[in-house]
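What follows is the residue order along each chain.
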Protein chains: 2
Amino acid sequence: MDLFDQKKENKSLTTLIFEKIREDIINDVYKNDEKIIEAKVAEEMGVSRTPVREAIKQLELDGLVENIPNRGVIVKGVTPQDIEDIYTMRLAIEGIAAKWSVERMSEDALKDLKDIYELMEFYTVKKDIEKIFELNTRFHEVIYKASSSRYLEHVLTDFQQFIKSTRKISLATEGRVEEALKEHKKILDAFLAKDIKAATDALIYHIEHSKCNAGKMVDRTTK
Amino acid sequence: MDLFDQKKENKSLTTLIFEKIREDIINDVYKNDEKIIEAKVAEEMGVSRTPVREAIKQLELDGLVENIPNRGVIVKGVTPQDIEDIYTMRLAIEGIAAKWSVERMSEDALKDLKDIYELMEFYTVKKDIEKIFELNTRFHEVIYKASSSRYLEHVLTDFQQFIKSTRKISLATEGRVEEALKEHKKILDAFLAKDIKAATDALIYHIEHSKCNAGKMVDRTTK
DNA sequence: TCCAATATAATTGTATACACTTACTCACAC
DNA sequence: GTGTGAGTAAGTGTATACAATTATATTGGA
């Protein structure tokens, strides 16, 4: 398949396939409880079964598919309830992240955060949702990384992946990009001022707001 | 290798190897930054490279090894700092779990919890640390499952794995088993009474206590 | 017609083979 | 002695082959 011909970023087929299938599960291309057949996926992608198997094994660990020995794997997608739950957990952990990140963030990371915010401003004016979404992800990842906690970063980065679809929809609702920009400004300012409480509050406010918005979307799409 | 001859529990070689290596990383058999060579592991275990590769790919997702393309994987073990961080995150999420689990726990699960507790009592008298440890793990897993949140269960179960070594050491310290038993009694009673606040408090007290105890152990072993 | 038993197909699980990339060694030039 | 480069070895990445298991279809009997 042409998608994989170039093998960008030095990634292995396994990694590319993993990311592709994860994306497809999260975006509901693979429906819940659907069966995934290795050989079929392999043929569709023009590769052998080996990297597909390895990718599926990874998805299994992420909880996105369930393996029934000798019978196959079935998709266990992210339900609205799952997203709701993940947001709740994220809120709890993001509070910890805020504290650690403010305390430990390097000047370089602070500059990154500022740069990302400024790009956000730019693309918000241009209304380029795709770019904003990507910057949004990176903004939070810089904060996670600054926490200097490998597992905290790991958990929160994972969460971001799982709620990706919802975040995308949320951002596309009328007026949300401008709101989100303001919220990110507050977060940035708090980090620049090294104000733990302000940062925590701003982050939690931001996520609660996203969650609330997401909740609305879920309701709308499921009813 | 004889370990895998019987293939217990219908598990695939991949799964068995995954669990084995994870155990070995967590218990520091594989040292940090050590390189893992597929072929070597495969030979040691008397299997082909295929299931070993698949297992390693899973470990990668868990963050226990890091893959450098075409060069190999290196062990990224759980440091004392990691364990400290995981305990902190666990505390935050366990509070959420307590609430949901009390609300949603079925009578069957409640009975399981009670049964496990009673076995704990029994083995505490017998001072069978290994059994107590296993029951301890199951006790908390019943609570996680009762939350009816797939991802909460997933995250907390993972955490338990990562801090396994520390929990084991902690439990082996003088007088800790008896303390832990009392703490579990309080948790059980709160669940039986369906008292969310009491359950939350008891759980958090229990984990903080474990954490504190673990912290002491870390200090002792690293200095 | 319906059920059971058996053959057949489909699919996963594991092993092996080959390709590709990176690391290492040793000779040769300077 | 040191640096450079070809050649070799080691190791990962991917494809294929075969074994084991499970699902499906078919046939024969009641």
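Calculation criteria
- Residues numbered from 1 in each chain as written.
- Chains lettered and ligands numbered in written order.
- Predicted model: local features only at pLDDT ≥ 70, side-chain atom pairs only at ≥ 80, totals over all residues.
- Heavy atoms only, no water.
- Helix = DSSP H or I, 4+ residues; strand = E, 2+ residues; numbered from the N terminus.
- Rg over C-alpha atoms; globule rule 2.2 N^0.38 Å.
- Buried < 20%, exposed > 50% of the residue type's maximum accessible area, 1.4 Å probe, protein only.
- Contact = heavy atoms within 4.5 Å.
- Areas by Shrake-Rupley, 256 points an atom, 1.4 Å probe, with all protein chains shown as cover.
- Lys, Arg positive; Asp, Glu negative; His and termini not counted.
- Charge placed at Lys NZ, Arg CZ, Asp CG, Glu CD.
- Near = heavy atom within 4 Å.
- Polar contact = N/O pair within 3.5 Å; in protein donor to acceptor, adjacent residues only side chain to side chain.
- Nonpolar A, V, L, I, M, F, W, Y, C, P; charged D, E, K, R; others polar.

So, the overall build of chain A
And then number 1: For chain A, the count of helices and strands is eleven helices and three strands.
And then number 2: When the helices and strands of chain A are read in sequence order from the N terminus, they spell out α-α-β-α-α-β-β-α-α-α-α-α-α-α.
And then number 3: For 223 residues, the compact-globule estimate of 2.2 N^0.38 gives 17 Å, and chain A sits close to it at 19 Å.
And then number 4: Projected onto the principal axes, the alpha-carbon positions of chain A cover approximately 55 × 45 × 35 Å.
And then number 5: When each of the 223 residues of chain A is scored for burial, the buried share is 50%.
And then number 6: Considering only intrachain contacts with a sequence separation of at least 6, the fraction spanning at least 24 residues in chain A is 70%.
And then number 7: For chain A, the accessible surface area stands at approximately 10800 Å², while carbon and sulfur atoms represent 52% of it.
And then number 8: Looking at charge distribution, chain A has the averaged site of its 37 positive side-chain charges lying 1 Å from that of its 42 negative ones.

So, the protein's contact with DNA strand C
And then number 1: The local shell around DNA strand C holds 21 residues, among which A:Arg49, B:Leu13, B:Ser48, B:Thr50 and B:Arg71 are the closest.
And then number 2: Between a phosphate oxygen of DNA strand C and a main-chain N or O atom of A:Asn70, the distance comes to 3.3 Å.
And then number 3: Separating a phosphate oxygen of DNA strand C from a backbone N or O atom of B:Ser48 is a distance of 2.9 Å.
And then number 4: At the level of elements, helix H4 (49-62) of chain A together with helix H2 (13-26) and helix H4 (49-62) of chain B are the ones that each hand at least two residues to the surface near DNA strand C.
And then number 5: When residues in the surface near DNA strand C are grouped by element, the largest group, three residues, is from H4(B).
And then number 6: Along the lines of polarity and charge, the residues of the surface near DNA strand C split into six nonpolar, eight polar and seven charged.

Overview of the protein's contact with DNA strand D
And then number 1: The full set close to DNA strand D counts 21 residues, and A:Leu13, A:Ser48, A:Thr50, A:Arg71 and B:Arg53 are the nearest of them.
And then number 2: Sugar plus phosphate: this is where 69% of the atoms of DNA strand D within 4 Å of the protein reside.
And then number 3: The separation between a phosphate oxygen of DNA strand D and a polar main-chain atom of A:Leu13 is 2.9 Å.
And then number 4: Between B:Asn70 and DNA strand D, the recorded distance is 3.4 Å, taken from a backbone N or O atom to a phosphate oxygen.
And then number 5: The set of elements that each furnish at least two residues to the surface near DNA strand D consists of helix H2 (13-26) and H4 of chain A together with H4 of chain B.
And then number 6: No other element matches H4(A), which puts three residues into the surface near DNA strand D.
And then number 7: Residues belonging to the surface near DNA strand D are distributed by class as follows: six nonpolar, eight polar and seven charged.

Any functional reading would require information beyond the geometric quantities listed.
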